Amino acid sequence: MPRSAYDAYDAYDAYDAYDAYDAYDAYDAYDAYDGRRGGAPSGALGSARDGTVGYWDGSADRTPLSTGRGSWEAYQTLGGKPKAHVLDSTLRSLFGVTLGNTAAANATGTVQCFGQTIVTLNKPEDQFLADHQLHYLRTAADLRPDRLGEIKVQIGNLRSFFGLVGHMSPEATKWTLMLHYAVLRLMQSIEMPLKFGFDVARPIAMSYKVQPIIQTPGHGSWPSGHATESFALATLLTRLFYNRAFDPASEIANGNELYRHAARIAANRTVAGVHFPTDSMAGAVLGVTVAEALVRLLDGETETSARLFHGESYKGDFNLSLLSSALNDASVIEVSSSPLPSGQVPAWLSSMWEAAKGEW
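Residues numbered from 1 in each chain as written. Predicted model: local features only at pLDDT ≥ 70, side-chain atom pairs only at ≥ 80, totals over all residues. Heavy atoms only, no water.

Novice: I tried to follow the nonpolar core on my own but got confused; where do I start?
Specialist: One recurring pattern in soluble globular proteins is that nonpolar side chains are buried together. If you look at the biggest cluster of nonpolar residues, it comprises 82 residues, and the most contacted ones within it are Phe 95, Phe 162, Phe 231, Val 290, Phe 309, Leu 323 and Met 352. Those residues within four positions of Phe 309 in sequence are excluded, and the remaining contacts are Thr 120, Leu 121, Asn 122, Trp 222, Thr 278, Met 281, Ala 282, Val 285, Tyr 314, Val 332 and Ile 333. Core analysis: the next-biggest nonpolar cluster, separate from the first, contains seven residues, Ala 140, Ile 151, Val 271 and Ala 272 among them. (Core = buried A, V, L, I, M, F, W, Y, C linked by side-chain atoms within 4.5 Å. Buried < 20%, exposed > 50% of the residue type's maximum accessible area, 1.4 Å probe, protein only. Contact = heavy atoms within 4.5 Å.)

Here you go:
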């Protein structure tokens, strides 16, 4: 995807893989079955019908089979975009974003799951970033020659990096892949209102010498969207890829392969010059916490982690080890628990989750 198109509406469709769903289900291929582009002309179909049906009095002569079905059976027959829209609508209904001030920038924002706050983010002020975060951009810039290739690909493609750990293909792991893209879109629907509501300046706004190696997006810097998305995906896929108890904090502490990739993706945004380390710390907290709540809901658990990030006072850098340390330091990230309701996951989504787990 061209760098200059990052903020374009159509570029988000490519990034979200809405178009991939159509290819995945061969939705667009239906009309091109005969190998010709453009599908069958309506006039030809109309004349063929008129020439073969003959007289019809309007009475029914067949009984529909694809009606009144179980929800999972019906869901599986949807086209690509309808599948995505139904899944997105359901997942987004589980979470909410609260920003108290609608007229000016907010100092605090929260995310709820079924009305219970699971994420609280306290943002840093611009002067704090200039004093305590900007210098990390100078150090990180030394890595640009080595990371440029990764940075460019990661603008619009996270799946390939997690695909290094466990393959994801339409044929072999179709439901894992569907959930992967759905969680990506879910996180965008959460992170963007927060970015908008916090309205934190980008590094380029604080020094002429930052000079990022990719174009700086026009929206706010905090929290980092790439960190949010990559850590959410790493959390989801940790549950699916690894055959062991689900504990994101322990997996981060032990540095599993998925979280290592997530941390590198996040850090690369600082290397590129478009994010501060605190942006990535906030995004990691947001992504891990929301995805953990989703996984625990799908698994039928009744409790999940709640986290508060003191971004207003965090002066440090970002990497996986620092994230793990922060998760055990209440002065940086306060960790508590939040209840989850039972019986709120639709039957078809539970079936999809079982199918995704069965792929591993």
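Novice: Please explain the sheet that holds strand β4 (residues 303-310) as it appears in this structure.
Specialist: Consider a sheet: its strands pair through backbone hydrogen bonds, and that pairing is either parallel or antiparallel. Strand order in the open sheet formed by five strands is β1-β2-β3-β4-β5, with mixed pairing between adjacent strands. Looking at which strands have only one partner, the edges of the open sheet turn out to be β1 (95-99) and β5 (333-339). The sheet shows a mean angle of 20° between the axes of neighbouring strands, direction not considered. Packed on one face of the sheet, helix α14 (residues 277-298) meets β1, β2 (108-113), β3 (116-122), β4 and β5 and runs near 170° to β4. (Pairing = 2+ DSSP bridges. Helix = DSSP H or I, 4+ residues; strand = E, 2+ residues; numbered from the N terminus. Axes fitted to C-alpha atoms, helices over the stretch in contact; angles between N-to-C directions.)

Novice: Mind showing me how you'd approach the pairing of β3 here?
Specialist: The side chains of a regular strand alternate between the sheet's two faces. Most of β3 is tucked away: five of the seven residues are buried. In terms of strand pairing, β2 meets β3 through six bridges, oriented antiparallel. Note on β3: the bridge partner recorded for Val 111 is Val 119. The turn joining β2 and β3, which pair antiparallel and follow one another in sequence, is formed by two residues; a positive phi near 50° is taken by Phe 114.

Novice: Whenever I open this one, the pattern of salt bridges confuses me. Can you help?
Specialist: Side chains carrying opposite charge are able to pair once their charged atoms draw close together. The tally for this structure, following the rule as stated, stands at 11 salt bridges. Among the salt bridges present, the one from Arg 307 reaches Glu 292, with a minimum N-O distance of 3.1 Å. Pair noted here: Arg 307 is in strand β4 and Glu 292 is in helix α14, with a separation of 15 residues, a long-range link. By relative accessible area, Arg 307 is classed as buried at 6%. The exposure class of Glu 292 is buried, given its relative accessible area of 2%. Linking Lys 357 and Asp 299 is a salt bridge whose minimum nitrogen-to-oxygen distance equals 3.5 Å. With Lys 357 in helix α16 (residues 347-358) and Asp 299 in the loop between α14 and β4, this residue pair connects regions lying 58 residues apart in the sequence. (Salt bridge = Lys/Arg side-chain N within 4 Å of Asp/Glu carboxyl O.)

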